[in-house]
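Structural overview
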Amino acid sequence: LPAKVYATLLPIIGGVAIASMKELSFTMLALGSAMLSNVSSSLRGVLSKKTMSGKQIGENLDAQNLYAVLTAMSTVLLIPMCLAVEGTGFFPAFKAAVDTGDFTTKSLSILMALSGATYYLYNEVAFLALGKVNPVTHAVGNTIKRVVIIVASVIAFKTPMSTGSIIGSTIAILGTLLYSLAMNSVKK
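Remember, predicted model here, so these are calculated numbers, not experimental data. (Residues numbered from 1 in each chain as written. Predicted model: local features only at pLDDT ≥ 70, side-chain atom pairs only at ≥ 80, totals over all residues. Heavy atoms only, no water.)

Now for the overall build of the chain. Assigned secondary structure in the chain consists of eight helices and zero strands. Reading the chain from its N terminus to its C terminus gives the helix and strand order α-α-α-α-α-α-α-α. Burial analysis of the chain (188 residues in total) assigns 18% to the buried set. Of the contacts formed within the chain by residues at least 6 apart in sequence, a portion of 75% connects residues at least 24 apart. Of the roughly 13100 Å² that the chain leaves accessible, carbon and sulfur atoms contribute 72%. (Helix = DSSP H or I, 4+ residues; strand = E, 2+ residues; numbered from the N terminus. Buried < 20%, exposed > 50% of the residue type's maximum accessible area, 1.4 Å probe, protein only. Contact = heavy atoms within 4.5 Å. Areas by Shrake-Rupley, 256 points an atom, 1.4 Å probe, with all protein chains shown as cover.)

Moving on, we come to the packing of aromatic side chains. Given two aromatic rings, one states the distance between the centres and the angle between the planes to describe the pair. Going through the model one piece at a time under the given rule, you end up with four aromatic pairs. With centroids separated by 5.3 Å and ring planes inclined at 75°, the aromatic side chains of Phe90 and Phe91 adopt a geometry described as edge-to-face. Exposure remark for Phe91: the relative accessible area of 56% places this residue in the exposed category. Aromatic side chains Phe90 and Phe94 sit 5.7 Å apart centroid to centroid with 45° between the ring planes, which places their arrangement in the tilted category. Placement of the pair is Phe90 and Phe94 together in helix H5 (residues 90-99), with a separation of four residues, close to one helical turn. Grouping aromatic residues by their ring pairs yields a cluster made of Phe90, Phe91 and Phe94. (Phe/Tyr/Trp six-rings, centres within 6.5 Å; stacked < 30°, edge-to-face > 60°.)

One can find Ile150 in helix H7 (residues 135-157). Looking at Ile150, the relative accessible area reads 48%, which means it is partly exposed. It is 9.0 Å that separates the C-alpha atoms of Ile150 and Ser169, two residues lying 19 residues apart in sequence.

This paragraph deals with the pattern of salt bridges. Summed over the entire model, instances satisfying the criterion amount to one salt bridge. Between Asp99 and Lys95 there is a salt bridge, and its shortest N-O distance comes to 3.1 Å. Linking Asp99 with Lys95, this pair stays in helix H5, spanning four residues, or about one helical turn. Classification of Asp99 as exposed rests on a relative accessible area of 53%. (Salt bridge = Lys/Arg side-chain N within 4 Å of Asp/Glu carboxyl O.)

On to the side chain of Asn123. Residue placement: Asn123 occurs in helix H6 (residues 105-132). Judged by relative accessible area, Asn123 falls into the buried class, the value being 5%. In this view, Asn123 contacts Arg44 and Tyr67; residues no more than four positions away in its chain are not counted.

Turning next to unusual backbone geometry. Of note in the backbone geometry, Lys158 takes a positive phi value of approximately 55° without being a glycine. Inspection of the secondary structure assignment puts Lys158 in the loop between H7 and helix H8 (163-187).

In short, geometric facts, not functional conclusions.
As structure tokens, then:
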């Protein structure tokens, strides 16, 4: 990609940084975790895109099947890690949630299953989109999605936004527009 396309990523990064600057719950651990999440997500996107294009590595390994394989592999890796770190703490927490009276065992189980299913579908749609676009475009879309979710949450929950958050969100959204325009000019 040309340098002008990469230059349009700077307002996005800067806008998100400005919007997050006065966050009350900021910690270096949270920043490090968020950066690790972003790097991991980007690497997953780039490596998955490379797997989807090019040589055939398996029969019927399209975007949906690749996501299903990756999900199955990560489940096998994460369940033992989850049990090692948290042990069986899930079961008392589940029982405590039911004991509050807000949920029955059945309703909480259904909500958890629906949460898992919708998250799986969301990620599968993201993989389908990744199969159609450049990995950088996909990453920018994910970034702007987060800004939109924050703004929608602010509106829905009537959370006050600082001036810095408003300015940062606006810069990030405008950066995304610049990125889209730059990508379109490159394609022409």
